[in-house]
Amino acid sequence: MASVLDMNGDFASSAPNLLKNLPQLSPDQVELAKLLLEVGQSHLFQHWAEPGVHDDEKRAFFDQVARLNANYPGGLASYIKTARELLADSKAGKNPFDGFTPSVPSGEILTFGDDHFVQFEETGVREARNAAFVLVAGGLGERLGYNGIKVALPSESTTGTGFLQQYIESILALQDASCGQVQGGCQTQIPLVIMTSDDTHLRILELLESNAYFGMKSTQVKLLKQEKVACLDDNDARLAMDPHNKYRIQTKPHGHGDVHSLLYSSGLLNVWRDAGLRWVLFFQDTNGLLFKAIPAALGVSATKQYHVNSLAVPRKAKEAIGGITRLTHSDGRTMVINVEYNQLDPLLRATGYADGDANCETGFSPFPGNINQLILELGPYIEELTKTRGAIKEFVNPKYKDSSKNAFKSSTRLECMMQDYPKTLPPSARVGFTVMDAWLAYAPVKNNPEDAAKVPKGNPYHSATSGETAIYRANSLILRKVGVKVDDPVHHVFNGQEVEVWPRITWKPKWAITFSDVRNKVSGSCSVSQKSTMAIKGRNIFLEDLSLDGALVINSVDDAEVKVGGSVQNKGWIVENVDYKDPSVPEEARIRGFRINKVEQLEKDYNEAGKFILKP
Ligand code: UTP
């Protein structure tokens, strides 16, 4: 093909067989067509000589190619080159970890509520005014199968607070707490970036707009949309045509690793640096516990001066989450990186660990379980992205038709993961982790009821059912830690999953964003029975000698100070099973297998400034 192009500069006449019926092309479009031919993609034009005029479709084809070319660091040529290399490695069965020996990296293991933890939280709150948050929310959520966007889903059904609302209110609470430490206060607005995709963008925007950005300034929130990448049909990286339109290249998501190149190209990182920010916190769409872990983890980053801090939970051997691992190559290279669980066991066995992925004396794997929440120090992050333009080491996962590995069952594409960012860092980079208990830090909603019910016993379901019940458990355990007598949970089966049902305790992030906040708001002898529900929806609500056996809901404005005590008793709110196949039940309830029947409650609103006592 190169020889045809070399013959003369007039592209259309140089490839007459391929390009009959060409519409008038702009010089840029001619360059794109040449590029495609040069990188072995002439099949894309094969049918262009067929009778019939399809000028609009052909122009739209070039628009798409222009987008694909612009949105990938190094353009389509680079995408195809990398694809050929990775596909050849995959065909040869090359192990990406060849030559590497794994070992346990160093990091911080925290115990909730001890002095260390409290100190880290204090430091984290101080640092929060120098932080920006980045939510990756471009994923389709095929495994969950929810018809809406995941961030709109209620994190719990007692108050119906959605994940995005919960995240934004938590960031605002951190902002207030952090500014409150500055003499005379401060005007800081912690930035929030949300990475969206064509699958989620409009619905996330609509959710924000129709809810007044859940209290954030609209200028505080930026949406960055990731684009899909071209699909590949064979080991030669021939681009796949859309099965429904032969003038379109088929595309699929590239993965959450796109967040780094998007942040880089947006220019936001430099804006943040110039504004004096120091940290960027990355998080995912459905972890209702995350912000219980954020203040302490940020405190660890600041104290240990970590360039990269991965949040982690203790990991059972063979549990389906990646392990954070130090890899040392025979040529001296080292990195601290997430190794996917299906790669960790063979890697360990191949490098002298006869038992492979096994628990150690603690009863857990010595490799902490990665939960994909990252805290990066902004300065070194910018330095690295200036070199890489945000490109992340990719992988390809073709499903072959047979053992010859010459043909695919369906098209594939390159993918990249946010947590692979440290792969290109120099050995001098300070890469660590912070381990917290899973009950405190991690309860994502990823699996649909049927798949969750098949999870081996003892492993987390990661369903809407477990995501919600985990919030009640965490809040109950936190209250226990400050001395509240909270009844034991009962065991219950919803959607085929056995879970602990604790009292349904919830609070707004502004009531307590740290353990110390909870400690300061609870005093005397308090108790909560198992059947109880408590929703605390105000900043200055203090529990004093409260005995709760039923449902209690308190709303208050920031200027109201409410002391709540005495004995509250009523029939309360009852958790009722629903059938996940019953179409008359709303999907949000069906996917968790229960709904809340609000039988009787004590509900009080305090809408004016002042001091109040609620003591029935
Ligand atoms: P998940 O592992 O939950 O994947 O993504 P997913 O694509 O959302 O869901 P499945 O696999 O189809 O069931 C982890 C995080 O990364 C985001 C998701 O929105 C989630 O917050 N993500 C994932 C992106 O932002 N972009 C992507 O291309 C993929």
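Report on the accompanying structure.

Each value, and the rule that gives it
- Residues numbered from 1 in each chain as written.
- Predicted model: local features only at pLDDT ≥ 70, side-chain atom pairs only at ≥ 80, totals over all residues.
- Heavy atoms only, no water.
- Helix = DSSP H or I, 4+ residues; strand = E, 2+ residues; numbered from the N terminus.
- Rg over C-alpha atoms; globule rule 2.2 N^0.38 Å.
- Buried < 20%, exposed > 50% of the residue type's maximum accessible area, 1.4 Å probe, protein only.
- Contact = heavy atoms within 4.5 Å.
- Areas by Shrake-Rupley, 256 points an atom, 1.4 Å probe, with all protein chains shown as cover.
- Lys, Arg positive; Asp, Glu negative; His and termini not counted.
- Charge placed at Lys NZ, Arg CZ, Asp CG, Glu CD.
- Near = heavy atom within 4 Å.
- Polar contact = N/O pair within 3.5 Å; in protein donor to acceptor, adjacent residues only side chain to side chain.
- Pairing = 2+ DSSP bridges.
- Axes fitted to C-alpha atoms, helices over the stretch in contact; angles between N-to-C directions.
- Core = buried A, V, L, I, M, F, W, Y, C linked by side-chain atoms within 4.5 Å.
- Disulfide = S-S within 2.5 Å.
- Salt bridge = Lys/Arg side-chain N within 4 Å of Asp/Glu carboxyl O.
- Phe/Tyr/Trp six-rings, centres within 6.5 Å; stacked < 30°, edge-to-face > 60°.

### Points about the overall build of the chain
Here's step 1: Across its full length, the chain carries 18 helices and 33 strands.
Here's step 2: Taking 616 residues into account, the globule formula puts the C-alpha radius of gyration at 25 Å, and the chain, at 27 Å, falls close to it.
Here's step 3: By principal-axis analysis of the C-alpha atoms, the chain measures approximately 90 × 55 × 55 Å.
Here's step 4: A burial count over the chain gives 53% of its 616 residues as buried.
Here's step 5: Sequence-distant contacts, at least 24 apart, represent 71% of the contacts inside the chain between residues at least 6 apart.
Here's step 6: As displayed, the chain has an accessible area near 26500 Å², and 48% of this comes from carbon and sulfur atoms.
Here's step 7: The averaged location of the 73 negative side-chain charges in the chain is 1 Å from the averaged location of its 67 positive side-chain charges.

### Quick look at helix H12 (residues 341-350)
Here's step 1: All buried positions along H12 are accounted for by Leu 344, Asp 345, Leu 347 and Leu 348.
Here's step 2: Residues of H12 that are buried make contact with strand S1 (100-103), strand S13 (323-329) and strand S14 (334-339).
Here's step 3: Gly 352 sits one or two residues past H12 and shows a positive phi near 100°.

### Some words on the site of the ligand
Here's step 1: Around the ligand, the surrounding shell holds 17 residues, and the nearest of these are Val 136, Gly 138, Glu 142, Lys 150 and Gln 226.
Here's step 2: Gly 255 places a main-chain nitrogen or oxygen 3.3 Å from an oxygen atom of the ligand.
Here's step 3: In this structure, Lys 446 approaches the ligand through a side-chain N or O atom, which is 2.9 Å from an oxygen atom.
Here's step 4: Expressed as a share of its isolated accessible area of 570 Å², the protein-covered part of the ligand is 85%.

### Thoughts on the sheet that holds strand S28 (residues 551-556)
Here's step 1: Taken in spatial order, the four strands make up an open sheet running S23-S26-S28-S32, and their pairing is parallel. Each edge of the sheet is formed by a strand with only one pairing partner; in this case those strands are strand S23 (504-507) and strand S32 (602-606). When the angles between neighbouring strand axes are averaged without regard to direction, this sheet yields 5°.
Here's step 2: Pairing of strand S26 (residues 533-537) with S28 involves five bridges; the strand directions are parallel. Its bridge partner being in S28, Lys 537 is matched across the sheet by Asn 555.
Here's step 3: Helix H16 (residues 464-481) contacts S23 and S26 of the sheet and is inclined by roughly 80° relative to S23.

### Observations regarding the nonpolar core
Here's step 1: Phe 133, Leu 164, Leu 192, Leu 479, Met 534 and Leu 543 are the most contacted members of the largest nonpolar core, which has 95 residues in total.
Here's step 2: It is helix H11 (residues 290-304) that contributes the most residues to this core, nine residues altogether.
Here's step 3: Filtering out sequence-adjacent residues up to four positions away, Met 534 remains in contact with Leu 479, Arg 504, Ile 505, Thr 506, Val 528, Leu 543, Leu 546, Leu 548 and Leu 552.
Here's step 4: Core analysis: the next-biggest nonpolar cluster, separate from the first, contains 34 residues, Met 195, Leu 277, Phe 282 and Tyr 421 among them.

### A few points about the state of the cysteines
Here's step 1: Scanning all chains against the criterion turns up one disulfide.
Here's step 2: Here Cys 179 is linked by a disulfide to Cys 186, with a sulfur-sulfur distance of 2.2 Å. For the disulfide bridge between Cys 179 and Cys 186, the dihedral angle about the S-S bond is near -70°, and by the sign convention the bridge is left-handed.
Here's step 3: Relative accessible area serves as the criterion here: at 8%, Cys 179 is assigned to the buried category.

### A look at the environment of Ala 302
Here's step 1: Assignment of secondary structure puts Ala 302 in helix H11.
Here's step 2: Given the relative accessible area of 12%, Ala 302 is considered buried.
Here's step 3: Sequence-wise, Ala 302 and Leu 440 are 138 residues apart; in three dimensions their C-alpha atoms are separated by 21 Å.

### Concerning the side chain of Arg 592
Here's step 1: Looking at the element boundaries, Arg 592 is found in the loop between helix H18 (587-590) and strand S31 (594-598).
Here's step 2: The buried category is assigned to Arg 592, whose relative accessible area is 1%.
Here's step 3: For Arg 592, the residues in contact, after removing those within four places along its chain, are Leu 153, Pro 154, Ser 155, Glu 156, Ser 157, Ala 464, Thr 465, Glu 468, Phe 494 and Asn 495.

### Focus: the pattern of salt bridges
Here's step 1: Taken as a whole and assessed by the stated rule, the structure comprises 31 salt bridges.
Here's step 2: Put simply, Arg 315 and Asp 357 hold a salt bridge, and the shortest N to O gap is 2.9 Å. Of this pair, Arg 315 sits in the loop between strand S12 (308-313) and S13 while Asp 357 sits in the loop between H12 and strand S15 (369-377), and the two are 42 residues apart along the sequence. For the pair Arg 315 and Asp 357, one class covers both residues: buried.

### A closer look at the packing of aromatic side chains
Here's step 1: Scanning the entire structure with this criterion turns up 23 aromatic pairs.
Here's step 2: Their ring planes at 40° and their centres at 6.4 Å tell us that Phe 163 and Tyr 167 sit as a pair that is tilted. Of this pair, Phe 163 and Tyr 167 both sit in helix H7 (residues 163-180), four residues apart, which is roughly one turn of the helix. You'll find Phe 163 and Tyr 167 in the same group, each marked buried.
Here's step 3: Relative to Phe 283, the ring of Tyr 167 has its centre 4.8 Å away and its plane inclined at 90°; by these criteria the two rings are edge-to-face. Highlighted residues: Tyr 167 in helix H7 and Phe 283 in strand S11 (residues 279-284), separated in sequence by 116 residues. A single burial state applies to Tyr 167 and to Phe 283, both of which are buried.
Here's step 4: By way of ring pairs, the aromatic residues Phe 45, Trp 48, Phe 61, Phe 62 and Tyr 247 are connected into one cluster.

### Concerning the pairing of S15
Remember that side chains alternate between the two faces of the sheet whenever the strand is regular.
Here's step 1: Most of S15 is tucked away: nine of the nine residues are buried.
Here's step 2: A two-sided burial pattern is seen for S15, the buried positions comprising Gly 369, Ile 371, Gln 373, Ile 375 and Glu 377 on one face and Asn 370, Asn 372, Leu 374 and Leu 376 on the other.
Here's step 3: Of the strand pairs in this sheet, S11 and S15 are connected by four bridges, and their pairing is antiparallel. Counted as the bridge partner of Leu 281 is Ile 375 from S15.
Here's step 4: The pairing of S12 with S15 spans five bridges and is antiparallel.

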